[in-house]
Amino acid sequence: MRLIFLGAPGAGKGTQGEALAKAQNIPHISTGDILRQAVAEGTPLGLLAKSYMDEGELVPDSLIMGLIEGRLEQADAQKGWILDGFPRNLDQAQALNELLQKMKQNYDRVVYFMVSQKILIDRMLERGRKDDNEATVRRRLEVYRERTAPLIQFYRDIDSLEVIDGNADVATVSNSLRQLLEQWLGQN
Ligand code: AMP
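Residues numbered from 1 in each chain as written. Predicted model: local features only at pLDDT ≥ 70, side-chain atom pairs only at ≥ 80, totals over all residues. Heavy atoms only, no water.

Q: Help me understand unusual backbone geometry, please; the structure alone is not making it clear to me.
A: Note: most peptide bonds trans; most residues except glycine with negative phi. Following F86, the chain continues into P87 via a peptide bond in cis, with omega recorded as -5°. Positive phi values are uncommon outside glycine, yet N25 reaches one of about 60°. Positionally, N25 belongs in the loop between α1 (13-24) and β2 (28-30). The phi angle at K104 is positive, at roughly 55°, despite the residue not being glycine. On the secondary structure map, K104 appears in the loop between α5 (90-102) and β4 (109-114). (Helix = DSSP H or I, 4+ residues; strand = E, 2+ residues; numbered from the N terminus.)

In structure tokens form, the structure reads like this:
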């Protein structure tokens, strides 16, 4: 199973991605988690990424594509994956298509977690991560709207998009996700 999770910061992609990946025994690949780890370890990637992350801006595509290519080539990613937080703009989405073509792989579906602005802000402020202070939260949502939200239409146009209501609690969203995937697997 190869899935792309799409949605704003705070939409629940991480929580759902982690749980589903575990159940399917495939890696949950979160570019945000990989970058945070790189920052914590002070690696060259982390040093380059840190200022962008602290500001709520996107890390440059060249860094992200290198990171993703390396990760998708690893042995555990050959039987499937869930991508969370990538792609984040149209150039990354195109680059992912080309990378997968080169690797002779393809994703199955893109799952868009639709969540209201108010719930997103509440969740992020509750989560209280370092890049979740009020100014950064606002900027992250702006960047999402400008750069990432166009991917919804991009994937809808190529008939890859599934939409789930991500406003509810974790268990309810997880049920909707399971139903959606069962339905899709039943048809394919
Ligand atoms: P996330 O945990 O997915 O919200 O990511 C945290 C931060 O990491 C983002 O605000 C960006 O600065 C950076 N980041 C994560 N994924 C990407 C990506 N695909 N492209 C660019 N920057 C990213």
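Resuming the write-up.
Q: Help me understand the pairing of strand β1 (residues 2-6), please; the structure alone is not making it clear to me.
A: The side chains of a regular strand alternate, first on one face of the sheet and then on the other. Burial within β1 is extensive, with five of its five residues counted as buried. Residues R2, I4 and L6 line one face of β1 and the alternating positions L3 and F5 line the opposite face, and both faces are buried. Pairing of β1 with strand β3 (residues 81-84) involves four bridges; the strand directions are parallel. Bridging from a neighbouring strand, R2 pairs with W81 of β3. The pairing of β1 with β4 spans four bridges and is classified as parallel. When the bridges of β4 are listed, L3 appears paired with R109. (Buried < 20%, exposed > 50% of the residue type's maximum accessible area, 1.4 Å probe, protein only. Pairing = 2+ DSSP bridges.)

Q: What's the story with the layout of surface pockets in this structure? I'm lost.
A: It is a probe the size of a water molecule, rolled over the atoms, that shows where empty space is left. Estimates place the volume of the largest pocket at around 830 Å³. P9, K13, R127, R129 and R140 are, among the 44 residues lining the largest pocket, the residues nearest its centre. Those elements that provide at least two residues to the lining of the largest pocket are α1, β2, α2 (31-41), α3 (44-55), α6 (117-127), α7 (134-148) and α9 (170-187). Here the residues of the lining of the largest pocket are counted per class, giving 16 nonpolar, 14 polar and 14 charged. (1 Å grid on protein atoms, 1.4 Å probe; cavity = no way out; pocket = protein on both sides within 12 Å on 5 of 7 lines; lining within 4 Å. Points joined across faces, edges and corners; volume = space filled by probe spheres on them. Nonpolar A, V, L, I, M, F, W, Y, C, P; charged D, E, K, R; others polar.)

Q: Before we go on, may I ask you to explain the site of the ligand in this structure?
A: As a matter of local geometry, the ligand sits amid 16 residues, with T31, R36, E57, R88 and Q92 nearest to it. Between R88 and the ligand, the recorded distance is 2.9 Å, taken from a side-chain N or O atom to an oxygen atom. Between R140 and the ligand, the recorded distance is 3.0 Å, taken from a side-chain N or O atom to an oxygen atom. Bound to the protein, the ligand loses 96% of the 480 Å² it would expose on its own. Put simply, the ligand lies in the largest pocket. Ranked by residue count, the leading element in the shell around the ligand is α2, at four residues. (Near = heavy atom within 4 Å. Polar contact = N/O pair within 3.5 Å; in protein donor to acceptor, adjacent residues only side chain to side chain. Areas by Shrake-Rupley, 256 points an atom, 1.4 Å probe, with all protein chains shown as cover. Sits in = over half its atoms within 2 Å of the grid points.)

Q: I'm lost on the nonpolar core in this one. Help?
A: A general trend in soluble globular proteins is that nonpolar side chains are found buried together. L72, W81, L83 and Y155 are the most contacted members of the largest nonpolar core, which has 50 residues in total. Excluding residues within four positions of it along the chain, L83 makes contact with L3, I4, F5, I29, I68, L72 and L96. (Core = buried A, V, L, I, M, F, W, Y, C linked by side-chain atoms within 4.5 Å. Contact = heavy atoms within 4.5 Å.)

Q: Explain empty space enclosed by the protein to me, please; I cannot follow it from the model alone.
A: Scanning all chains against the criterion turns up one cavity of 30 Å³ or more. Lining the largest cavity are F5, L6, G7, A8, P9, K13, G85, F86, P87, R88, Y144 and T148. Within the lining of the largest cavity, the residues separate by chemical class into seven nonpolar, three polar and two charged.

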